[in-house]
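So you can see what is in the structure, the chains are spelled out below.
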Amino acid sequence: MGPTTTDDGRDGYVTFVECHQHRLLRAAYLVCGNRHQAEDLLQEALLKLALRWPSVRHGDPAAYVRTILYRDAVSWWRRRRREWLSEYPPERATTEGDGAALRLALRDALGHLPPRQRAVLVLRYFEDLTEAATAEALGVTVGTVKSQCHMALRRLREIAPELGRDEGRPGGGLVTGMEVNP
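Residues numbered from 1 in each chain as written. Predicted model: local features only at pLDDT ≥ 70, side-chain atom pairs only at ≥ 80, totals over all residues. Heavy atoms only, no water.

Looking up the protein chain in an unreviewed UniProt entry gives the name SigE family RNA polymerase sigma factor, with the organism given as Micromonospora reichwaldensis. In the Sequence similarities (unreviewed entry) part of its UniProt record, the protein chain is described as follows: "Belongs to the sigma-70 factor family. ECF subfamily." (UniProt positions renumbered as here; feature names shortened; annotations may be inferred.)

Have a look at this one:
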């Protein structure tokens with residue numbers, strides 16, 4: 001007797017995970033700043049997606065997972081104190097012109113932001129979501145996204161002046177490497 005075929009969506013789920021897991025893991029890492037925690041957040045989000053796959057698969061499952069990631073990250077921050085343990089000493093900036101120093105400075109600066117501000121910046125500039133999509137993912141208003149983004153960028157300018165300013169932009173905007181057109 002041959003195997004029975006049912007359309008339970010397993011193949012679609014596996015294909016989705018294979019296609020999106022690396023980008024989602026990078027986003028999770030940028031939000032929480034810890035690779036192990038990012039892996040845990042993504043694993044929990046993908047499990048929640050698997051449980052809801054039949055109802056989510058025809059919509060936008062990536063947006064569903066991102067929403068879970070960011071909300072779970074904020075919940076984690078609320079439950080625990082910020083304590084970052086590392087197996088290795090922190091990376092040091094190099095004098096190479098490859099942008100490594102800029103990336104390290106940005107990563108360190110993001111680690112000093114409150115969770116909501118960090119999530120807003122990651123969604124807006126790394127995930128390239130609109131203000132409305134960011135608000136929906138975080139469960140807040142568009143006005144909150146705007147104010148949190150403004151305060152986060154101002155704070156980045158204060159805590160990471162080494163990121164520099166781009167004199168070609170009006171007002172000499174902060175160069176973060178995450179810029180997008182509004």
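Right, picking up where we left off after that structure.
Draft legend 1. Quick look at unusual backbone geometry. Not every positive phi belongs to a glycine, and D128 is a case in point at roughly 60 degrees. Summarising the element assignment, D128 is placed in the loop between α5 (115-126) and α6 (131-138). (Helix = DSSP H or I, 4+ residues; strand = E, 2+ residues; numbered from the N terminus.)

Draft legend 2. Representation of helix α4 (residues 100-111) in the model. Taking 1.5 Å as the rise per residue, α4 with 12 residues should run 16 Å; its terminal C-alpha atoms sit 17 Å apart, in good agreement. For α4, the full list of buried residues reads A100, L104, A105, L106, A109, L110 and G111. Buried residues belonging to α4 abut α5 and α7 (142-159). (Expected span 1.5 Å × (residues − 1). Buried < 20%, exposed > 50% of the residue type's maximum accessible area, 1.4 Å probe, protein only. Contact = heavy atoms within 4.5 Å.)

Draft legend 3. The environment of A28, seen in detail. With respect to the helices and strands, A28 occurs in helix α1 (residues 10-32). Along the chain, A28 and A38 lie 10 residues apart, while their C-alpha atoms are 4.9 Å from each other.

Draft legend 4. Examining the confidence of the model for the protein chain more closely. On average, residues of the protein chain score 78 in pLDDT, and 73% of them are at 70 or above. Contacts for the low-pLDDT stretch residues 1-5, under 50 throughout, to residues beyond four places or in other chains number 0 contacts. In the model, residues 167-172 has pLDDT below 50 throughout and makes 4 contacts with residues more than four positions away in sequence or in other chains. (pLDDT = per-residue confidence, 0-100.)

Draft legend 5. How the structure looks around the packing of α5 against α6. Orientation of α5 relative to α6, taken along the N-to-C sense of each, is 135 degrees, at an axis distance of 9 Å. Classified by the interaxial angle, the pair formed by α5 and α6 is oblique. Remark: the crossing between α5 and α6 carries right-handed chirality. Residues A119, V120, L123 and R124 of α5 lie in contact with α6, whose contacting residues are E131, T134, A137 and L138. (Axes fitted to C-alpha atoms, helices over the stretch in contact; angles between N-to-C directions. Parallel < 35°, antiparallel > 145°, perpendicular 65-115°, else oblique. Left-handed = near helix turned anticlockwise from the far one by under 90°.)

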